[in-house]
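Chains, contacts and geometry: an overview
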Amino acid sequence: MALPKVKQDATDARLAVLDMPSGGWSDSARQNALSRVRSMGLPSARDEYWKYTKPETLVQPVAPSAATFHSDETPVFGDVDRLKIVFVDGVFDAEASDAMAMEHVTIDRLADAPDIHWAKDIYGELETRGQTPVHRPLAALNTAFASDGVLIHVTGKAPKPISLLYRHEAEESDAILHHVVKVESGAELTILENGPAAARFNKCMEIEIADGGILHHVRAQGRDHQRRAATAMFARLGAESVFKSFTLTANGVLTRNEMVVELTGDDAIAHVAGACVGDGDFHHDDTVFITHDALNCESRQVFKKVLRNGATGVFQGKILVKEGAQKTDGYQISQSLLLDDDSQFLAKPELEIYADDVACSHGSTSGAIDEEGLFYLRSRGIEEGPATDLLTIAFLAEAVMEIEDEALQDEINGRVDAWLSRRRG
Amino acid sequence: MLDIKNLHVQLEEEDKQILKGVDLTVEAGKVHAIMGPNGSGKSTLSYVLSGRDGYEVTEGSATLDGEDVLDMEPEERAAAGIFLAFQYPVEIPGVGNMTFLRTAVNAQRKARGEDEMSATDFLKLVRAKAKDLKIDADMLKRPVNVGFSGGEKKRNEILQMAMLEPKMCILDETDSGLDVDAMKLVADGVNALRDEGRGFLVITHYQRLLDHIQPDYVHIMADGKIVKTGGPELALEVENNGYADILAEVA
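Residues numbered from 1 in each chain as written. Chains lettered and ligands numbered in written order. Predicted model: local features only at pLDDT ≥ 70, side-chain atom pairs only at ≥ 80, totals over all residues. Heavy atoms only, no water.

**Brief notes about the interface of chain B and chain A**
With 29 residues of chain B at the interface, the matching set in chain A holds 17 residues. Summed over both partners, the interface of chain B with chain A buries about 1900 Å², with 66% contributed by carbon and sulfur atoms. Summed over the shared surface of chain B and chain A, the result is 4 salt bridges. Inspection of the region where chain B meets chain A yields 11 residue pairs in polar contact (both at pLDDT 80 or more). Sorting elements by how many residues they give to the side of chain B that touches chain A places helix H3 (residues 97-111) of chain B first, with 6 residues. Looking at the side of chain B that touches chain A residue by residue, the class counts come to 17 nonpolar, 8 polar and 4 charged. (Contact = heavy atoms within 4.5 Å. Buried area = accessible area lost by both parts, 1.4 Å probe. Salt bridge = Lys/Arg side-chain N within 4 Å of Asp/Glu carboxyl O. Polar contact = N/O pair within 3.5 Å; in protein donor to acceptor, adjacent residues only side chain to side chain. Helix = DSSP H or I, 4+ residues; strand = E, 2+ residues; numbered from the N terminus. Nonpolar A, V, L, I, M, F, W, Y, C, P; charged D, E, K, R; others polar.)

Structure representation (structure tokens):
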């Protein structure tokens, strides 16, 4: 079927300014992705899946410029022992990065990977699977045009986290990065991500976790306020594997984080969580789709948003339990703390269940600060501002606690704290 | 120390007078008990003194060492030395009890122009005080009052009081929901704080608590006023005969 003219024109305009890198082993996946983009068309405001978030600035041919931001603060994860891989405006920076070698882990650059590579079986493959039943054209665009990224293969317990650090130096930068992560049976890795990356950032990460593999992912999206980001993670989980992902977003004029998880082996566990704190011209969208396609799997979605001065939070979360996925334990909660009347939270929680022996619960709430709690704290001598901050951190705690590592929890709480005190001046 | 004069209070949201001219002076070093039937205004008095929203003072005054209390924010009252042990302590999920205590102690010190307490000194102090109240390390770590039993919540109130060392302690039905052992523990905690420089206002329904916390004065409150004042024997009279006789006598 032909695309509506507006969509067709917007898609053509975007594609016209992009060059497909010649990627050797990834060529066929890229060509395939391009043809899928052409047939789907890029998102427009009329798409049901983009009802609450305007995609225009993510789609337009040239990225809207974004001022860069520098501060003397220790960046998040600064004190964590990690293997750093740095991208500046979407380009790998070898000098700023650590040597890409670590016990039980091999790391290659997407841009210079050899002709035959293990990632060929995954690159674009999980992204393609994630296109049904809902189209994610920006992710397909990413597969076709990604200029760089890392391919991480984990064969045992990694000695320290891999930290992907995204720097933003050019005000007009438009970056497309694509990472592939493969965690073998019994292997374990933690991936950290932080930084603003570019004026506009399209990032895709495909994750394959074999039976019994474990992947932790903790992300803090950068401070540069005018930046825009559309990210997507596609994870496929084998039996008894564990995937836990947490994202903190504390700035950014527009952020859309999509998360697509498929539980394909029995007894697998997937937890995805997010905390965002938004002030003013801030739009944050978490779009999550979890598919249970095996026995006795557990999934949790915990998303908390603190919004003030007209900020907007969006949550679209779905649990799909396929026929035969008995004993599924699914949990989904999305909550917002609205610090004034101008801010808004738009939530679309969905359950679709085709098995008869499952436990799935979901809830979504929007509320103001708890007056009783506030009075209790103030009656003990804590001023209204700090008392509100304490309650705000407490509100986010359920999401932050999803991070297993306590030191990383502290890193994230430290960020939230800093954000709150900046707001208080 | 605490001087309440002709205090009239009504609910902000509805035109309903709760306190209709309360006069009460609590001197440093003394324990005053307030008893009275349900709806007599006892808890309202405690809330108005600690600065809870929703009440409007229409007449009268309340001062602590000559300073107008009613004009202060709740945190300023706390820093000035007023402490309310809540009848229903509030649960605050996500805020650790220890963090809460330390933030409160340091906020008050800061408001009074004192240095913050070091982490080590604070830990030492809180451990010692917690031990007296049989509050274990786990209760200190857990979120404020979340999952605490009724007795644990009340002990936690007394722990806060012990840490903050207020001048004027107001206890709002601290005995409610407590068994005999827990009441003894709480009373011991209060008695340990009795001191020449500190005043107490103990609001209770029952005489039982006053067996453990011996008051210097007992006031009977009814329909928004203090209608009778006496010594500890007044509490016994209430225990034996109820309020009816006293209310009939003053009517």
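**So, unusual backbone geometry**
Working note: non-glycine residues mostly have negative phi, and peptide bonds are mostly trans. Here the residue pair threonine 132 of chain A and proline 133 of chain A is connected by a cis peptide bond, since its omega of 0 degrees sits within 30 degrees of zero. As for its position among the elements, proline 133 of chain A is in the loop between helix H4 (125-129) and helix H5 (137-145). Phi is positive for asparagine 309 of chain A, close to 55 degrees, though the residue is something other than glycine. Residue asparagine 309 of chain A is classed as partly exposed on the basis of its relative accessible area, which comes to 44%. With a phi close to 50 degrees, aspartate 65 of chain B is a non-glycine residue in the positive phi region. (Buried < 20%, exposed > 50% of the residue type's maximum accessible area, 1.4 Å probe, protein only.)

**So, the sheet that holds strand E7 (residues 174-183) of chain A**
The strands making up a sheet associate through backbone hydrogen bonding, with each pair oriented either parallel or antiparallel. All names here are of chain A. Read across the open sheet, the 10 strands follow the order E3-E4-E5-E7-E9-E11-E13-E15-E17-E19; overall the sheet is mixed. Unpaired on one side and paired on the other, strand E3 (101-102) and strand E19 (344-353) mark the two borders of the sheet. The pairing of E7 with strand E9 (residues 200-209) spans 10 bridges and is classified as parallel. Pairing of valine 181 across the sheet is with isoleucine 207, part of E9. Across the face of the sheet, H5 comes into contact with E7, E9 and strand E11 (228-237) while running at roughly 85 degrees to E9. (Pairing = 2+ DSSP bridges. Axes fitted to C-alpha atoms, helices over the stretch in contact; angles between N-to-C directions.)

**Digging into the pairing of strand E4 (residues 55-64) of chain B**
All names here are of chain B. Pairing geometry for strand E1 (residues 2-11) and E4, over 8 bridges, is antiparallel. Bridging from a neighbouring strand, aspartate 3 pairs with threonine 63 of E4. Sheet topology places E4 next to strand E5 (residues 67-68); 2 bridges connect them, and they run antiparallel. If you follow threonine 63 over to E5, its bridge partner there is aspartate 68.

**A closer look at the packing of helix H7 (residues 384-400) of chain A against helix H8 (residues 406-424) of chain A**
All names here are of chain A. Running from N to C, H7 and H8 cross one another at 150 degrees; their axes reach a closest spacing of 10 Å. Crossing handedness for the pair H7 and H8: right-handed. Here Gly385, Pro386, Asp389, Thr392, Ile393, Leu396 and Val400 of H7 come into contact with H8, specifically with Gln409, Ile412, Asn413, Val416, Asp417, Leu420 and Arg424. When the residues that make up the contact of H7 with H8 are grouped by side-chain class, the tally is 7 nonpolar, 4 polar and 3 charged. (Left-handed = near helix turned anticlockwise from the far one by under 90°.)

**Notes on the pattern of salt bridges**
Residues and elements named next belong to chain A. Considering all chains together, one arrives at 38 salt bridges over all chains under this definition. The salt bridge involving aspartate 285 is made with arginine 256; its shortest N-O contact spans 2.8 Å. One end of the pair, aspartate 285, is in strand E15 (residues 283-292); the other, arginine 256, is in strand E13 (residues 254-263), with 29 residues separating them in the sequence. Note on arginine 256: relative accessible area 1%, which makes it buried. Three or more residues are tied together by salt bridges with common partners; here these are Arg136, Arg256, Glu258 and Asp285.

**Regarding helix H1 (residues 5-16) of chain A**
Residue and element names in this part refer to chain A. Spanning 12 residues, H1 covers 16 Å between terminal C-alpha atoms, matching the ideal 16 Å at 1.5 Å per step. Those residues of H1 that fall on the buried side of the exposure criterion are Lys7, Thr11, Arg14 and Leu15. The buried residues of H1 all sit within an arc of 95 degrees when viewed along its axis, so they share a single face. Facing away from the buried side of H1, by more than 90 degrees, are the exposed residues Lys5, Val6 and Ala16. The inward-facing, buried residues of H1 abut helix H2 (27-40), helix H3 (56-59), H5, E7 and E9. (Expected span 1.5 Å × (residues − 1). Arc of directions from axis to C-beta.)

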